[in-house]
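Fold and geometry: a report
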Amino acid sequence: MRKKIVAGNWKMNKSLSQGLQLVDEIIAATSDSPSNSVLKIIAPPFTHLASVHEKIKTISGFSVAAQNCHHMSNGAYTGEVSSEMIHSTGTSYVIIGHSERRQYFGESDSLLAQKVNLALTNNLIPIFCIGENGEERKTNQHLEVVKKQLKEALFHLSPPDFSKLIIAYEPVWAIGTGVTATSHQAQGMHNYIRSEINKKYGKEISENTSILYGGSCNPQNAQELFACLDVDGGLIGGASLKAADFVSIINSFAN
Ligand code: 13P
């Protein structure tokens, strides 16, 4: 059975002390909440990974993710961080292919495929982001765009490797805009993604792949989105920066 997951992508926010305080607040607020079946992933900046891991390592149901990794294993790449280094901090997951990386850092699907390969080699589980922009949605190209991203970045993987992945559908027009996909739009796309995985890898793998929704997900809309058959949780940006909002989203599963 696929996992229910709520992941908080802090992006470039929070000093180390602010971040650790937020983690303490999230842990306290979930200790007696009905969220035991939900895997809670925290994705702070690189500088905070080891300290956040230290805080959550004895608390069940929590894990840490990096927000990016480099596409080469090591060497003269000043300022970059490798999958092996990330794994050595106790981190288990890594977000790859976020639209902000694609947009601001020019990351292509072929580069992202290299990142995915190295992450898996170093025992990190990729949370791989796909999604169309506003223009592509308006002109009805969203299914083709997502299909191409899956094909070019992920469909070279062997079935055992693919089955480790988490997919996040994040329509670019919904990220940080306050405009959320409707539950109808989210379910439509998640179902399409699962059907493409089914075509390539078969029913068992497609049914067991967790597909998260991301883009202006908040305490008001999470319950309706998470109730969709093919939505297995959320990748949360802005609302993951406040413990009360993040925990309320986590608890949307249990309501
Ligand atoms: P917002 O929740 O702020 O829209 O961000 C979503 C996101 O990009 C998560 O990775």
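Treat the numbers as computed from the prediction; the structure is a model and nothing was measured.

Remarks on the pairing of strand β8 (residues 233–236)
Burial of β8 is two-sided: the residues G233 and L235 facing one way and the residues G234 and I236 facing the other way are all buried. Looking at chain direction, strand β1 (residues 4–9) and β8 are connected through four bridges and run parallel. What sits directly across from V6, in β8, is G234.

Looking at helix α9 (residues 183–201)
Its 19 residues place the ends of α9 26 Å apart at the C-alpha level, agreeing with the 27 Å of an ideal helix rising 1.5 Å per residue. Residues of α9 that are buried include every one of S183, A186, M189, H190, Y192, I193, R194, E196, I197 and Y201, and no others. G202, located one to two residues past α9, shows a positive phi value of around 95 degrees.

A short note on the environment of Q103
By the element assignment, Q103 lies in helix α4 (residues 99–105). For Q103, a relative accessible area of 51% corresponds to the exposed category. As a C-alpha pair, Q103 and A181 span 78 residues in sequence and 20 Å in three-dimensional space.

Points about the nonpolar core
Counting residues in hydrophobic clusters, the biggest one holds 63 residues, and the most contacted among them are V6, L154, F162, I167, I193, Y213 and F226. Counting residues per element, this core draws most heavily on α9, at six residues. In this view, I193 contacts I130, V146, L150, I167, Y169 and I211; residues no more than four positions away in its chain are not counted.

Rules used in this analysis
Residues numbered from 1 in each chain as written. Predicted model: local features only at pLDDT ≥ 70, side-chain atom pairs only at ≥ 80, totals over all residues. Heavy atoms only, no water. Buried < 20%, exposed > 50% of the residue type's maximum accessible area, 1.4 Å probe, protein only. Helix = DSSP H or I, 4+ residues; strand = E, 2+ residues; numbered from the N terminus. Pairing = 2+ DSSP bridges. Expected span 1.5 Å × (residues − 1). Core = buried A, V, L, I, M, F, W, Y, C linked by side-chain atoms within 4.5 Å. Contact = heavy atoms within 4.5 Å.

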